[in-house]
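Descriptive structure summary
The lines below spell out each chain.
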Amino acid sequence: MKSEKNIFIAFILNLLFSIIEFIGGSVTGSIAIISDSVHDFGDALSIGISFFLEKKSKKKADMNHTYGYIRYSVMGSVITTIILLVGSIFVIYESIKRIINPIPINYDGMLIFAIFGVIINSIASYATREGKSLNQKAVNLHMLEDVLGWVVVLIGSILMRFTNISVIDPILSISVALFIFVNAFKNFGTILDLFLEVTPKNVNIKELKEHILKVNGVLDVHHIHVRSVDGYNNFATLHVVANKYSDKIKNEVKEELKEHNICHSTVEIELPNEECEDEKCNVNNIKSTHHHHH
């Protein structure tokens, strides 16, 4: 599988690089480089986790995981995101200390590191660019941030080389960290939606309902539940009241669901005189079921 190989390449590159970088940051005295190394190490760690979970997520569904293993990939994204959030807070804290007590920086060394940083991370970012799962997107986002981070360090080191204002270093470092924090936070929102079973962004329930009602022979549709397993594949269950049992009606409904980005659906067909099973057991509908008894 291509995606896994790419994630693995990114992992090795980042791990080696973050170690070299940490040494480099300590030698040159640049907090921007040290902060990048923390961030890169976090990335490497999370990519490693992602790699294993992405592999696991490819497993077919079985008795224990009837929905398949795809959410493991999402877990990878959760861990990665948390590492980034913690890492960026740490970096901001360290940078503020530097603004208060500046220390001398070796600008030439910093410049050379920054050039390497841009090159290596561009390769890693290019290697992971085609990911579709949330997990791979998270990995790719990291790679892009790393490139950006290094471009910023590069510009900063050139500026400092000529102006000698060393406070530029921690300021750059804070801006990169804030950028990472905001993006990771957004990513967290997407993941939270998944676990809370929020209706997927690319499915419009109201429109879906209207379209299903237009299918010939359909009288009513209710109990539409749409969930996403991984932010990419959507599943739906629904009850359709039809004038007669017919696979034609069911297939047309399923076709309609496919057009609404739903790849897997369970459709229950009911006849007009049937009492819907859910009505009886659904807590929200207790009031309405009482009316049936009077």
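Scroll up a little and you will see the structure.
Summary of the structure given here.

Rules and cut-offs
Residues numbered from 1 in each chain as written. Predicted model: local features only at pLDDT ≥ 70, side-chain atom pairs only at ≥ 80, totals over all residues. Heavy atoms only, no water. Helix = DSSP H or I, 4+ residues; strand = E, 2+ residues; numbered from the N terminus. Rg over C-alpha atoms; globule rule 2.2 N^0.38 Å. Contact = heavy atoms within 4.5 Å. Areas by Shrake-Rupley, 256 points an atom, 1.4 Å probe, with all protein chains shown as cover. Lys, Arg positive; Asp, Glu negative; His and termini not counted. Charge placed at Lys NZ, Arg CZ, Asp CG, Glu CD. Axes fitted to C-alpha atoms, helices over the stretch in contact; angles between N-to-C directions. Parallel < 35°, antiparallel > 145°, perpendicular 65-115°, else oblique. Nonpolar A, V, L, I, M, F, W, Y, C, P; charged D, E, K, R; others polar. Pairing = 2+ DSSP bridges. Right-handed = clockwise from strand over helix to strand, strands pointing away. Buried < 20%, exposed > 50% of the residue type's maximum accessible area, 1.4 Å probe, protein only.

This paragraph deals with the overall build of the chain. The helix and strand inventory of the chain stands at ten helices and three strands. If you list the helices and strands of the chain from N to C, you get α-α-α-α-α-α-α-β-β-α-β-α-α. Rg of the C-alpha trace for the chain: 26 Å, well past the compact-globule value of 19 Å for 294 residues, more than 25% over. Taken along the three principal axes of its C-alpha coordinates, the chain extends 85 × 40 × 35 Å. The contacts of the chain with a sequence gap of at least 6 include a subset with a gap of at least 24, amounting to 73%. Carbon and sulfur atoms make up 66% of the accessible area of the chain, which totals about 15900 Å². Taking the average place of the 27 positive charges on the side chains of the chain and the average place of its 31 negative ones, the gap between the two points comes to 3 Å.

On to the packing of helix 2 (residues 31-57) against helix 6 (residues 168-195). Close contact between helix 2 and helix 6 brings their axes to 8 Å; oriented N to C, the two are set at 25°. Here helix 2 lies roughly parallel to helix 6, going by the angle between them. Touching Ile31, Ala32, Ser35, Asp36 and His39 of helix 2 are Asp169, Pro170, Ser173, Val176 and Ile180, all from helix 6. The class makeup of the residues in the contact of helix 2 with helix 6 is five nonpolar, three polar and two charged.

We now examine the pairing of strand 3 (residues 264-270). In this sheet, strand 3 lies alongside strand 2 (residues 234-242) in parallel orientation, the contact comprising seven bridges. When the sheet's bridge partners are listed, Thr237 is paired in strand 3 with Thr266. Handedness of the β-α-β unit built from strand 2, helix 8 (residues 247-259) and strand 3 comes out right-handed.

The two faces of the sheet receive side chains in turn, since in a regular strand these alternate between them. Within strand 1 (residues 218-228), eight of the eleven residues are buried, which leaves the element mostly enclosed by the surrounding structure. Two strands pair when backbone bridges link them, and strand 1 and strand 2 are joined in this way by eight bridges, in the antiparallel orientation. Looking at strand 2, one finds that His225 is bridged to Thr237. The loop that links strand 1 with its antiparallel partner strand 2 comprises five residues; one of these, Gly231, has a positive phi angle of about 85°.

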